[in-house]
Amino acid sequence: MDGTFSENDISRIVEADRANVWHHLIQHQPFETAIDPRIIVEGKGMKVWDQKGKEHLDAVSGGVWTVNVGYGRESIADAVRDQLVKMNYFAGSAGSIPGALFAEKLISKMPGMSRVYYMNSGSEANEKAFKMVRQIAHKRYGGKKHKILYRDRDYHGTTIACLSAGGQDERNAQYGPFTPGFIRVPHCLEYRKHEQNGAPLENYGEWAANQIEEVILREGPDTVGALCLEPVTAGGGVIEAPDGYWPRVAEICKKYEILLHIDEVVCGVGRTGTWFGYQHYDIQPDMVTMAKGVASGYAAIACLVTSEAVFDMFKNDPTDPMNYFRDISTFGGCTSGPAAALANMQIIEDEELLDNTNNMGAYMLDKLNALAEKHVVIGDVRGKGLFLGAELVADRTSRDPADEKKVQAVVGNCMAQGVIIGATNRSLPGKNNTLCFSPALIATKDDINHILDAVDTALSAVFS
Ligand SMILES: Cc1ncc(COP(=O)(O)O)c(C=O)c1O
């Protein structure tokens, strides 16, 4: 750390934070009596430094899978600065130079897709997709085909409509009543199939997809407009759907004319080793939402990308004054977002970070499996690319989840060792037992060894 803040300065910052800032996802009482709020002062590559000057290796890309190209990227900062002094903002009813260039570049990575709608957060992107589904229902189906299916354990954002599409009961708790018209389908976590009635020993993927069809038939296919799924479930436990799942999902959507909306807010732009998570599975979505890694947190940008067929439904009758997507996002017109996103994508290409993600992801998966041989508390290891999870269990035979306090103790122990890892947190009642790893796409073998050495030590300390 370059010592930008003197000790006095930084204690003033800590006090200002303690007195005035309301942090996300954290209880504040301990700040009054026991601990200081954590201030992250600086970052470089995969490392961050806190207010005490303590160095941490960040294995979760900014806490929530975001800083995919690592900290301190001057090319992104320069691109944003240059753009802001030339033209910082105009409402999205007009275009901008970086907006047009990034849309063109993004579409070149997404065969079969054609239109990019800009906004600022993953929640907002998903809300807009839901609005499109509803408007299509009104325009074409007399309002009837308006229901949106979402999956148990998936998360799509923090707003009330996104929570209505939220498959994480603990995260939703105390925020109801929710928006009508969102219908849950079962999860596809093979490791926990013993908890699902009728799940077979073989062909679980196909069975899990067929559960979606059962829900559609129960609700009435003429009432269901869209199916919204994460390509790899993130906060619900890092879940990759088993073989046989995605082809069946695509078939079902086609059969009942249901739009397939893939939420790439976490997986999008490289995290799993392809540009988009869905591209592992040979499926063609109608709508794709993305946010976190689009500009690696250097600017707030999210995108909703649609096929031309979806776009066309909003432009096919210019004589109708209501026949367009009547939506606005004020800050969707900020040019810093696409300027940062262009520079971010350039880094991924120049440094061949998709290849690195595949190579380092495979390396990390092997190392996690080796850790599972040593620690019986690791019941399952899973994930894709540099997006991996290790589910901790009290007992391998019953697969009962490990005590959540102990799971959090593992995270705390790693933090004390200077390594930041994650864990599912207040998402699923009694099942917040998965350690989460999502290092930046620049991770090296040394970084991964460092991360997993800390996990090894922490597991020994907490579970011995
Ligand atoms: C899969 C998924 N979708 C949507 C969101 C919401 O994104 P945001 O926090 O940018 O609104 C998240 C956030 O973690 C997410 O994990």
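Residues numbered from 1 in each chain as written. Predicted model: local features only at pLDDT ≥ 70, side-chain atom pairs only at ≥ 80, totals over all residues.

Another aspect to go through is the pairing of strand β13 (residues 378–384). Here β13 lies mainly inside the structure; 7 of its 7 residues are buried. Note: β13 against strand β14 (residues 387–392), 6 bridges, orientation antiparallel. Counterpart to Arg-382 in the pairing with β14 is Gly-389. Hairpin connection between β13 and β14: a loop of 2 residues separates the two successive antiparallel strands, and Gly-385 in this loop has a positive phi of roughly 60 degrees. (Buried ≥ 20, exposed ≤ 12 C-beta atoms within 10 Å, placed from the backbone. Helix = DSSP H or I, 4+ residues; strand = E, 2+ residues; numbered from the N terminus. Pairing = 2+ DSSP bridges.)

It is worth spelling out the sheet that holds strand β16 (residues 422–423) at this point. Strand order in the open sheet formed by 4 strands is β13-β14-β17-β16, with antiparallel pairing between adjacent strands. Here the strands that pair on one side only, and so sit at the sheet edges, are β13 and β16. Alignment of β16 against strand β17 (residues 434–437), held across 2 bridges, turns out to be antiparallel. When the bridges of β17 are listed, Ala-423 appears paired with Leu-435.

Moving on: the nonpolar core. Formed by 128 residues in total, the largest nonpolar core has its most connected members in Cys-303, Ala-340, Ile-421 and Ile-451. The leading source of residues in this core is helix α15 (residues 445–463), at 8 residues. Residues from two domains meet in this core; each of domain 1 (38–67 + 352–463) and domain 2 (75–350) gives at least three. The contacts of Cys-303, once residues within four sequence positions are left out, are Leu-106, Val-116, Tyr-117, Tyr-118, Ala-125, Met-290 and Val-294. (Core = buried A, V, L, I, M, F, W, Y, C linked by C-beta atoms within 7 Å. Domains from an automatic or database assignment. Contact = placed C-beta atoms within 7 Å.)

This part takes up the environment of Val-224. By secondary structure assignment, the location of Val-224 is in strand β7 (residues 224–229). For Val-224, a count of 27 C-beta atoms within 10 Å gives the class buried. Residues Val-224 and Ala-137, 87 residues apart in the sequence, show an inter-C-alpha distance of 9.1 Å. Among residues more than four places away in sequence, those in contact with Val-224 are Lys-145, Lys-147, Leu-149, Ile-216, Glu-219, Tyr-256 and Ile-258.

Packing of helix α4 (residues 74–86) against helix α12 (residues 336–350) brings their axes to within 8 Å, and their N-to-C directions diverge by 150 degrees. If you check the angle between α4 and α12, you find them roughly antiparallel. Seen along the crossing, α4 lies across α12 with a hand that is right-handed. Of α12, the residues touching α4 (which contributes Ser-75, Ile-76, Ala-79, Val-80, Gln-83 and Leu-84) are Ser-336, Ala-339, Ala-340, Leu-342, Ala-343, Asn-344 and Ile-347. Classifying every residue of the contact of α4 with α12 gives 9 nonpolar, 4 polar and no charged. (Axes fitted to C-alpha atoms, helices over the stretch in contact; angles between N-to-C directions. Parallel < 35°, antiparallel > 145°, perpendicular 65-115°, else oblique. Left-handed = near helix turned anticlockwise from the far one by under 90°. Nonpolar A, V, L, I, M, F, W, Y, C, P; charged D, E, K, R; others polar.)

Where interface size is given, it is often the accessible area lost as the parts come together that is meant. When cut into domains, the protein gives domain 1 (38–67 + 352–463) and domain 2 (75–350). Relative to domain 2, the C-alpha centre of domain 1 lies at a distance of 26 Å. Contact residues are listed per partner, giving 30 residues for domain 1 and 28 residues for domain 2. Mapped by element, the contributors of at least two residues to the side of domain 1 that touches domain 2 are α3 (61–65), α13 (353–374), β13, β14 and β17. Here the side of domain 1 that touches domain 2 gets 5 residues from one element, more than from any other, and that element is α13. Taken together, the residues of the side of domain 1 that touches domain 2 sort by class into 12 nonpolar, 12 polar and 6 charged.

Our focus in this paragraph is the pairing of strand β4 (residues 115–119). Most of β4 is tucked away, with 4 of its 5 residues classed as buried. As paired strands, β4 and strand β12 (residues 302–306) are joined by 5 bridges and run antiparallel to one another. Bridged to Tyr-118 within β12 is Cys-303.

Within the structure, the ligand sits among 16 residues, and Ser-121, Gly-122, Ser-123, Gly-157 and Val-265 are positioned closest to it. Class assignment of the residues belonging to the shell around the ligand gives a composition of 6 nonpolar, 8 polar and 2 charged. (Near = placed C-beta within 6 Å.)

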